[in-house]
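This is what each chain is made of:
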Amino acid sequence: MEINPNYILEDCPICRGSGMVVHEGGWNVQVECTDCSAHTVYVEYANNDEKMKAEEQVVTLWNLGKVIKSEAGE
Ligand SMILES: [Zn+2]
C-alpha cells in the first residue's frame, strides 16, 4: 500500500483518536476515525494524480475539523 508522505494526519477533532485515510472502490477517499467513526466527505478521483490531490483534500478537511459525526454512536 502506497503512503503519501506529503501530509500529516492530526488527531480526531471529535475524540482525539487516530485518523485513517480510507480508499473505497478505487475511486474515492475519505479520512475516518478509527475510534468514533467520525469521517470527512468522500472525494472522488479518476487517476493517480487526482488520487493524491483527493487524499490531500480530505486530510486538509480532517485537520481543519470539518468532519461528520457518526450517527450510530452510543
Ligand atoms: Zn474520533
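Before reading on, note that the structure itself is shown above.
All of these numbers come straight from a predicted model, not from anything done at the bench.

For the structure on display, the rule yields one salt bridge. One salt bridge in this structure joins K53 and D49, with 3.2 Å as the shortest N-O distance. Linking K53 with D49, this pair stays in helix α1 (residues 48-63), spanning four residues, or about one helical turn.

Turning to the nonpolar core, a few remarks are in order. Generally speaking, a soluble globular protein has its nonpolar side chains buried in company with each other. Judged by nonpolar contacts, the single largest core of 14 residues is most densely connected at V21, V29, V31 and W62. For this core, the element with the highest residue contribution is α1, accounting for four residues.

Time to look at the coordination of the zinc ion. Ligation of the zinc ion by protein atoms is provided by C12 (SG), C15 (SG), C33 (SG) and C36 (SG), these donors lying 2.3 Å from the ion. Each donor residue of the zinc ion lies on one chain, and together they are spaced C-x2-C-x17-C-x2-C. With C12 in the segment before β1 (19-24) and C36 in the loop between β2 (28-33) and β3 (43-44), the pair connects residues that are 24 residues apart, well separated along the chain. With relative accessibility at 0%, the residue C12 sits in the buried group.

Glancing now at the environment of I14. Looking at the secondary structure, you find I14 in the segment before β1. What makes I14 partly exposed here is its relative accessible area of 40%. Once you skip the residues sitting within four places of it in the chain, I14 turns out to touch C36, A38, V67 and K69.

Okay, unusual backbone geometry next. One non-glycine residue, R16, lies in the positive phi region at around 65°. The topology assignment puts R16 in the segment before β1.

About the criteria used
- Residues numbered from 1 in each chain as written.
- Predicted model: local features only at pLDDT ≥ 70, side-chain atom pairs only at ≥ 80, totals over all residues.
- Heavy atoms only, no water.
- Salt bridge = Lys/Arg side-chain N within 4 Å of Asp/Glu carboxyl O.
- Helix = DSSP H or I, 4+ residues; strand = E, 2+ residues; numbered from the N terminus.
- Core = buried A, V, L, I, M, F, W, Y, C linked by side-chain atoms within 4.5 Å.
- Buried < 20%, exposed > 50% of the residue type's maximum accessible area, 1.4 Å probe, protein only.
- Donors = N, O, S within 2.8 Å, 3.2 Å for Na, K, Ca; no water.
- Contact = heavy atoms within 4.5 Å.

The quantities given are spatial measurements derived from coordinates; they are silent on function.
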